[in-house]
Amino acid sequence: MRSEGFPLSGANTGMPSPIVRAGQNVWRTATADRLSVLVDGDAYFRALEPVLEQAQREIWIVGWDFNPDIPIRPGDPRSPTLGAFLLRLAEERPDLTIRVLVWAMGPIYSGKSLKMFRKRRWSSHPRIVLAFDSRHPLRGSHHQKFVVADDRVAFVGGIDLTAKRWDTSEHRVDDPRRILPSGKPYEPVHDMQVALEGEAARLAGDIARRRWLFATDEAVPVPEKPADIRLDGLVPDMMKVDVAFARTEPAIRGRAAATEAMDLTVAALRAARRHIYIESQYFASKRVCDVLCERLAEPDGPEVVVISTLSSHGTIERLVLGANRDRFVRRLARCDVHGRMRAFYPVVPKADGTEQEIVVHSKLVIVDDGFLRIGSSNLNQRSEALDTELDIAVEASNPAQRRSILALRDRLLAEHLDADIEAFGATARAEGSLVRAIDAFNRQARGLRPFRDAARKGAMAPVLGTGFVDPVAPWWPLSLWVDGARAFLHRQFGLLRNPVSPFEATKASLTSRQTSPSGSGIKK
């Protein structure tokens, strides 16, 4: 029987201490006066509006996508659109500048075509600056999702301010508020964002300024004095807590790669002693699968629970990312000789007796009661060193923080299982097993379902073409063609002896001819 008790120190538990190492697997750390985990889009939107209302000097909105036509208060007939709301703030406050940074291909992938690229009333205001980030390697994207107000409050996680993000934790099949700006309904979606108040928000502002400089060549100075903005109305999950920021940035334009997000995740998985709880839109990282297989093979290793999305968006995504998820879950099941692994997708019941899948868009890792990571990076290959990502992490330093991490884990699983939070947590403690507690509660119409295809016999290696769809790092086909042509001419005519190619990879770059790419690029 596994103990749910709180480990007191790395020395007592054998857990490497610390997991978080600034300058190695995280960029920097800073203290949050208050930290709240906002589960699902409704909680995020309710917290975001009053914070932006308090902003006096600067608002940063950074995302894979942005849609100014979504309502700031879904379901409220008096709600302004997001664009109209931002325009009012700019008009009312002469010292306020709002900057929106969006991946240049995001509006096209999300279905708005070229609409976002046209000037509109909200984006024509001189102090609302909309920029499209196109400085990415082939098949790379800007995937960070965060908002910062006056360097005093920040929201970091998996929710960008666009369509198909809002939902309540009930995930009702027929919720009339869950609609696109066109009025068309969309499926239930599960996600989360972390609200930070204090010095940690300033670090988020620093990352926004760095991203803006790289994308636009404009250096934005740090505000001279942070405004007095607070997370009013939110009950904090933690107070005076050290928050680590982990990035993914590709090696491009002379910049060295940053692989902190994946390095931190792997370090946490290796440090686990009892439980690993994962929520991820994709489960298609061979590196993560390798580590989890090693841990499952250990006689006294941790339990592993993975919650992911069942359906894929588009043929390429289904044939590669969906297939790799099934293969990797199948491989985990093969490694699970001690019966400690579960992999599921969540569902809610429909009126006709069938089930409706909930889209999992969250990106979360909880290890034991000591480590929490939430952000934008999925467990796929492109999040390792191709896309830009931003995660935050907390490594518990006292019993209150450990209780908060366990409470969040129990809250999330109780939501998926339609269970009482306290009852689920009590069962997990009594059983000394997370998977046995899940099995005991997973009997409702709303619940968690195993991946059917993964349960069948089949391949466990990544599908052919993974490297071209879900690249693990930048790759440059043009340099391959140039080098191939040069080699041919040299063989045939003895030409081009020792030429210098403008496409040579530098030592600071992760790009190489051995780089294995994979992923659809159609991320939400």
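Source: prediction; values computed, not measured. (Residues numbered from 1 in each chain as written. Predicted model: local features only at pLDDT ≥ 70, side-chain atom pairs only at ≥ 80, totals over all residues. Heavy atoms only, no water.)

Chemist: In this structure, what is going on with the confidence of the model for the protein chain? I would like to understand it.
Modeler: In regions of low pLDDT, the predicted coordinates are not meant to be interpreted in detail. Scored by pLDDT, the protein chain comes out at a mean of 87, with 86% of its residues at no less than 70. Predicted confidence is poor over residues 1-15, with pLDDT under 50, and the contacts of this stretch with residues over four places away or in other chains come to 36 contacts. Low pLDDT, under 50, characterises residues 494-523; the predicted model gives this stretch 91 contacts beyond four residues in sequence or across chains. (pLDDT = per-residue confidence, 0-100. Contact = heavy atoms within 4.5 Å.)

Chemist: So what exactly am I meant to see when it comes to the pattern of salt bridges here?
Modeler: Where side chains of opposite charge bring their charged atoms close, a pairing between them can arise. Under the defined criterion, the tally for this structure stands at 45 salt bridges. Glu 294 is the partner of Arg 270 in a salt bridge, and the nearest nitrogen-oxygen pair spans 2.9 Å. Taken as a pair, Arg 270 in helix 6 (residues 260-271) and Glu 294 in helix 7 (residues 286-297) lie far apart in primary sequence, 24 residues in all. Of the residues examined, Arg 270 reaches a relative accessible area of 44% and is grouped as partly exposed. Notably, a salt bridge pairs Asp 410 with Arg 409, separated by 2.9 Å at the nearest N-O pair. Judged by its relative accessible area of 1%, Arg 409 is buried. A cluster of three or more residues bridged by salt bridges with shared partners is formed by Asp 33, Arg 34, Arg 152, Glu 197, Arg 230, Asp 232 and Lys 240. (Salt bridge = Lys/Arg side-chain N within 4 Å of Asp/Glu carboxyl O. Helix = DSSP H or I, 4+ residues; strand = E, 2+ residues; numbered from the N terminus. Buried < 20%, exposed > 50% of the residue type's maximum accessible area, 1.4 Å probe, protein only.)

Chemist: Help me understand the nonpolar core in this model?
Modeler: General note: in soluble globular proteins, nonpolar side chains tend to be found buried as a group. Membership of the largest hydrophobic core comes to 58 residues, with the highest contact counts inside it found for Leu 35, Leu 196, Val 243, Phe 245, Leu 364, Leu 408 and Ile 438. Tallying contributions element by element places helix 5 (residues 199-216) first for this core, with eight residues. Apart from residues no more than four positions distant in its own chain, Ile 438 is found in contact with Val 305, Phe 344, Leu 413, Leu 417, Phe 424 and Leu 448. Membership of the second largest hydrophobic core comes to 42 residues, among which are Leu 38, Phe 66, Ala 163 and Val 359. (Core = buried A, V, L, I, M, F, W, Y, C linked by side-chain atoms within 4.5 Å.)

Chemist: So what exactly am I meant to see when it comes to the packing of aromatic side chains here?
Modeler: In this description, an aromatic ring pair is defined by two values, namely the gap between the centres and the angle between the planes. Inspection of every chain in the model, using the stated rule, returns seven aromatic pairs. An angle of 70° between the planes, with centres 5.5 Å apart, marks the rings of Trp 60 and Trp 212 as edge-to-face. Taken together, the residues Trp 60 in strand 2 (residues 58-63) and Trp 212 in helix 5 connect sequence positions 152 residues apart. Given the relative accessible area of 1%, Trp 212 is considered buried. Ring-pair connections join several aromatic residues into one group, and the members of that group are Tyr 44, Phe 45 and Phe 155. The ring of Phe 214 is capped by Arg 253, whose NZ or CZ atom sits 5.9 Å from the centre of that ring. A cation over an aromatic ring shows up here: Arg 255 above the ring of Phe 214, its NZ or CZ 4.0 Å from the ring centre. (Phe/Tyr/Trp six-rings, centres within 6.5 Å; stacked < 30°, edge-to-face > 60°. Lys NZ or Arg CZ within 6 Å of the ring centre and 35° of its normal.)

Chemist: Could you clarify how one ought to interpret the packing of helix 6 against helix 7 in this entry?
Modeler: Helix-helix packing is described using two parameters, namely the angle between the two axes and the distance between the axes. One way to put it is that helix 6 packs onto helix 7 with a least axis distance of 10 Å and a crossing angle of 10°. As the angle between them shows, helix 6 and helix 7 are arranged roughly parallel. Contacts between helix 6 and helix 7 involve Met 262, Asp 263, Val 266, Leu 269, Arg 270 and Ala 271 from the former and Arg 287, Val 288, Val 291, Leu 292, Glu 294 and Arg 295 from the latter. A class-by-class count of the residues in the contact of helix 6 with helix 7 yields seven nonpolar, no polar and five charged. (Axes fitted to C-alpha atoms, helices over the stretch in contact; angles between N-to-C directions. Parallel < 35°, antiparallel > 145°, perpendicular 65-115°, else oblique. Nonpolar A, V, L, I, M, F, W, Y, C, P; charged D, E, K, R; others polar.)

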